[in-house]
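Fold and geometry: a report
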Amino acid sequence: MEACVAVEREVDKVLSKFGSINEHASRVLKEVETNVESLKKEFEECPEDHELTPVQSLIVKQLMRQVREATQRLASDHRDLHSTVSKVGKAIDRNFVSDFASTSREEVFSGPEKTALLNQVICQHFYRQGMLDIADELAREAGLTTEEGSKEPFTELNRILDCLKQKDLGPALEWARSHRESLEAQNSSLEFKLHQLQFIGLIQKGPSYQADAISYARTHLSQFVQRHEKEIQNLMGTFLYLPHGISSSPYSHLLEPSLWSEIYETFTRDACCLLGLSVDSPLSVCINAGCTALPALLNIKQVMQQRQVAVIWNGKEELPIEIDLGRDSRYHSVFACPILRQQSSDLNPPMRLVCGHVISRDALNKLGTNKLKCPYCPVEQNPSEARLIHF
């Protein structure tokens, strides 16, 4: 990110200088053009055998000097601009390293099994994005066997999302009704928000649709009174301002375009949760995390090479430094036991107790074999009930 900011700073300098030069050149050329046209008009009014007076000769010489100076100044500005543009390329070469071999491991994707897994992840990403033809062609060329019915959820979700982009709530409402019990089990308000938008659409049509809006509220919104009583009261308040328009009423916030982007995100989140899928594609998550972490890895590698301590970074399963990927991208690949203060390993993995607290297997064995009391809460439990977990 710092590299992008540095290059963007140089680009801004070029754009700023180009704008100032363009403005100055336009002003100078306009002034020269005006003087030339004025002198030309004056000469056209003179007789054919007219000889230049001393004043006219002086004006011509001054105009020639003005044109020559303007030309030299514009050429100098152009050279200066060319120098500024060349700094952009130097900034790119300085801030972006083309050799990423020091931060990658070739054996990660080597072998037919790992290659097949990578192709499968890419194929699933295309399915999630609705690019079914590309995904099918990749699966065919890579020899992947797609399970029957694996494409249908993504096909349906993308079809509904495309309809929501067109402000068509019908398919989303049908999907929400068919999955009502599952959505209620995860405390989702998706169906209510869809009906709310449908109701607002009727209100926007004006007083002539008041009866339709009342009928729709009685039929569809009444079932959500217990969970969304306040929201429904606000919706009913719109009838008071219907004759004069909702846009100039205290309920104008119900007409905000952001409600459509919110329903798009809500449907994506709840539908993916219902289908056991992550909201973001695993491939996009990996690429975004890698692009964020790559500059820091290149910097630390360069520092290590300059100080001749590159051999320190020989751990294959861990990073040499902690990298902040942002609040929405926090991943924990290493677990440290809060009891023994040791990192977990294949021989000493993390174990989840019945109460929900996590400690290492070595700590679990030291706390007791028949009965143990959680070191963080007073829950007594049997060590055999602890379960191995994976980060």
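Residues numbered from 1 in each chain as written. Predicted model: local features only at pLDDT ≥ 70, side-chain atom pairs only at ≥ 80, totals over all residues. Heavy atoms only, no water.

1. Things to note about the overall build of the chain
Along the backbone of the chain there are 13 helices and five strands. What you see for the chain is a C-alpha radius of gyration of 35 Å, clearly larger than the 21 Å of a compact globule of 391 residues, by over 25%. In terms of its C-alpha atoms, the chain occupies a principal-axis envelope of roughly 120 × 80 × 50 Å. Across the 391 residues that make up the chain, the buried fraction comes to 27%. A separation threshold of at least 6 residues defines the contact pool for the chain, and within that pool the share at least 24 residues apart is 55%. Within the chain, one finds 43 positive and 53 negative side-chain charges whose respective centroids are separated by 6 Å. (Helix = DSSP H or I, 4+ residues; strand = E, 2+ residues; numbered from the N terminus. Rg over C-alpha atoms; globule rule 2.2 N^0.38 Å. Buried < 20%, exposed > 50% of the residue type's maximum accessible area, 1.4 Å probe, protein only. Contact = heavy atoms within 4.5 Å. Lys, Arg positive; Asp, Glu negative; His and termini not counted. Charge placed at Lys NZ, Arg CZ, Asp CG, Glu CD.)

2. Describing the domain arrangement of the chain
By domain assignment, the chain separates into domain 1 (1-93), domain 2 (181-275) and domain 3 (336-388). Just the C-alpha atoms count here: the centres of domain 1 and domain 2 sit 60 Å apart. (Domains from an automatic or database assignment.)

3. Brief notes about the side chain of His 228
Secondary-structure assignment places His 228 in the loop between helix H9 (210-221) and helix H10 (229-237). Each residue touching His 228, except ones within four places of it in the same chain, is listed here: Ser 189 and Phe 192.

4. Looking at the nonpolar core
In this structure, Leu 194, Phe 199 and Phe 267 are the most contacted members of the largest nonpolar core, which totals 34 residues. When residues of this core are traced back to their parent elements, those giving at least two are helix H5 (152-165), helix H6 (170-178), helix H8 (190-204), H9, H10 and helix H11 (258-274). If sequence neighbours within four positions are ignored, Leu 194 has contacts with Leu 164, Leu 169, Ala 172, Leu 173, Ala 176 and Ile 263. (Core = buried A, V, L, I, M, F, W, Y, C linked by side-chain atoms within 4.5 Å.)

5. So, the packing of H5 against H11
Two packed helices can be described by the angle between their axes and the distance between those axes. The N-to-C vectors of H5 and H11 enclose an angle of 170°; their axes lie 10 Å apart at closest approach. Between H5 and H11, the crossing angle belongs to the class labelled roughly antiparallel. Listed contacts from H11 to Leu 157, Ile 160, Leu 161, Leu 164 and Lys 165 of H5 are Trp 260, Ile 263, Tyr 264, Phe 267, Thr 268 and Ala 271. Among the residues forming the contact of H5 with H11, the class breakdown is nine nonpolar, one polar and one charged. (Axes fitted to C-alpha atoms, helices over the stretch in contact; angles between N-to-C directions. Parallel < 35°, antiparallel > 145°, perpendicular 65-115°, else oblique. Nonpolar A, V, L, I, M, F, W, Y, C, P; charged D, E, K, R; others polar.)

6. Focus on H11
Spacing of three or four residues puts side chains on the same side of an α-helix, whose turn is 3.6 residues. For H11, which comprises 17 residues, the first-to-last C-alpha distance of 24 Å matches the rise-based estimate of 24 Å (1.5 Å per residue) to within 8%. Taken together, the buried positions of H11 are occupied by Leu 259, Ile 263, Thr 266, Phe 267, Thr 268, Asp 270, Ala 271 and Cys 272. Residues of H11 that are buried sit in contact with helix H3 (112-128), H5, H6, helix H7 (180-185) and H8. After H11 finishes, the residue Gly 276 shows a positive phi value of roughly 75°. (Expected span 1.5 Å × (residues − 1).)

7. Here we look at the UniProt feature "domain: RING-Gid-type" (unreviewed entry) in the chain
Residues annotated by UniProt as "domain: RING-Gid-type" (unreviewed entry) correspond here to residues 337-377. Structurally, residues 337-377 is divided into 17% helix and 20% strand, and its ends, taken at the C-alpha atoms, are 16 Å apart. (UniProt positions renumbered as here; feature names shortened; annotations may be inferred.)

8. Some remarks on the sheet that holds strand E5 (residues 387-388)
Spatially, E2-E1-E5 is the arrangement adopted by the three strands of the open sheet, whose pairing is antiparallel. Since the sheet does not close on itself, it has two edges, and those belong to strand E2 (358-360) and E5, each with one partner. Pairing geometry for strand E1 (residues 350-352) and E2, over three bridges, is antiparallel. Considered in E2, the bridge of Met 351 is made with Ile 359. (Pairing = 2+ DSSP bridges.)

9. Notes on a negative patch on the surface
Taken together, Glu 33, Glu 37, Glu 42, Glu 44 and Glu 45 make up a surface patch of like negative charges. Relative to the assigned elements, Glu 37 resides in helix H1 (residues 2-44). (Patch = residues over 30% accessible without salt bridge, like charges linked within 9 Å, V, L, I, M, F, W, Y side chains within 5 Å. Areas by Shrake-Rupley, 256 points an atom, 1.4 Å probe, with all protein chains shown as cover. Salt bridge = Lys/Arg side-chain N within 4 Å of Asp/Glu carboxyl O.)

10. Topic: the packing of aromatic side chains
As enumerated under the stated definition, the model contains four aromatic pairs in all. Between Lys 205 and the ring centre of Tyr 209, over which it is positioned, the NZ or CZ distance is 4.9 Å. (Phe/Tyr/Trp six-rings, centres within 6.5 Å; stacked < 30°, edge-to-face > 60°. Lys NZ or Arg CZ within 6 Å of the ring centre and 35° of its normal.)

11. Structural notes on the environment of Lys 193
Topologically, Lys 193 is positioned in helix H8. The class for Lys 193 is partly exposed, based on a relative accessible area of 31%. Distance in space between the C-alpha atoms of Lys 193 and Phe 267 is 9.7 Å, their sequence separation being 74 residues.

12. Concerning the pattern of salt bridges
Should their charged atoms come close, side chains of opposite charge can pair. Here the structure, examined in full by the defined rule, presents six salt bridges. Across the pair Asp 270 and Arg 269 runs a salt bridge, and its minimum N-O distance is 3.6 Å. Classification of Arg 269 as partly exposed rests on a relative accessible area of 41%. Taken together, the shared-partner salt bridges connect Glu 137, Arg 140 and Glu 141 into one network.

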